[in-house]
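Letter by letter, the chains look like this.
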Amino acid sequence: MKKMYIYEGPMCCSTGVCGPSPDEELMRVSTMVFKLTTSGASIERYNLTNNTKEFVDNKTVNKLLDEKGEDVLPVVIVDDEVVMTGKYPSNEEFYEMLFLSDEAKEDTNNDDGSCCSGGGCCC
């Protein structure tokens, strides 16, 4: 199985889904990552505020930030290859990038829970 890493801009917490009016895109991504990892996908998220070491240690991300600034974030890497910058993958792109089976798609699409349900709170 493929391994995905998402390097994100600075956020108040590990997912950015906090406070009285969280960003809808971050909510979608957090929910998708939660559902996919619960179904067995390998996805790691790092944000600039809480995971500075990962940004420093990854020479590719470090170089992209030096050349293009924070506008390059989020950076999505699959198996050591940068596959997307400046935006999050759509739900379909998550499946495609991770080469998930149709069965995995059905499992994650049929689950109506969110990243914050069932004790898996985001913050």
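Everything here concerns the structure above.
Residues numbered from 1 in each chain as written. Predicted model: local features only at pLDDT ≥ 70, side-chain atom pairs only at ≥ 80, totals over all residues. Heavy atoms only, no water.

Engineer: I would appreciate a short explanation of the sheet that holds strand β4 (residues 81-85) in the present structure.
Structural biologist: Each strand in a sheet pairs with another by means of backbone hydrogen bonds, the pair being arranged parallel or else antiparallel. Ordered in space as β2-β1-β3-β4, the four strands form an open sheet in which the pairing is mixed. Each of the sheet's edge strands pairs with one partner strand only, and the pair in question is β2 (42-47) and β4. Recorded for the sheet is a direction-independent mean angle of 20° between the axes of neighbouring strands. Relative to strand β3 (residues 75-78), strand β1 (residues 3-8) is paired through four bridges, and the arrangement is antiparallel. Bridge pairing in β3 places Tyr5 opposite Ile77. Running at roughly 145° to β2, helix α1 (residues 24-38) makes contact with β1 and β2 of the sheet. (Pairing = 2+ DSSP bridges. Helix = DSSP H or I, 4+ residues; strand = E, 2+ residues; numbered from the N terminus. Axes fitted to C-alpha atoms, helices over the stretch in contact; angles between N-to-C directions. Contact = heavy atoms within 4.5 Å.)

Engineer: Help me out: how do you make sense of helix α3 (residues 59-68) in this one?
Structural biologist: Since the α-helix turns once every 3.6 residues, residues separated by three or four places project in the same direction. Looking only at α3, the buried set comprises Val61, Leu64 and Leu65. For α3, the angular spread of the buried residues around the axis is 100°, confining them to a single face. Opposite its buried face, α3 presents the exposed residues Lys59, Lys63, Asp66 and Glu67, each directed more than 90 degrees away. Capping the start of α3 is the job of one residue whose side-chain oxygen sits 3.0 Å from the backbone nitrogen of Thr60: Asn58. (Buried < 20%, exposed > 50% of the residue type's maximum accessible area, 1.4 Å probe, protein only. Arc of directions from axis to C-beta. Polar contact = N/O pair within 3.5 Å; in protein donor to acceptor, adjacent residues only side chain to side chain.)

Engineer: What is the right way to look at the packing of α1 against helix α4 (residues 91-98) in this model?
Structural biologist: When two helices pack together, you describe them by how their axes are tilted relative to each other and by the distance separating the axes. The contact between α1 and α4 brings their axes to 10 Å, and the two run at 35°. In terms of crossing hand, the pair formed by α1 and α4 is right-handed. Between α1, through Arg28, Val29, Met32, Val33 and Leu36, and α4, the contact on the second element is made entirely by Asn91, Phe94, Tyr95 and Leu98. For the contact of α1 with α4, the per-class residue count stands at seven nonpolar, one polar and one charged. (Left-handed = near helix turned anticlockwise from the far one by under 90°. Nonpolar A, V, L, I, M, F, W, Y, C, P; charged D, E, K, R; others polar.)

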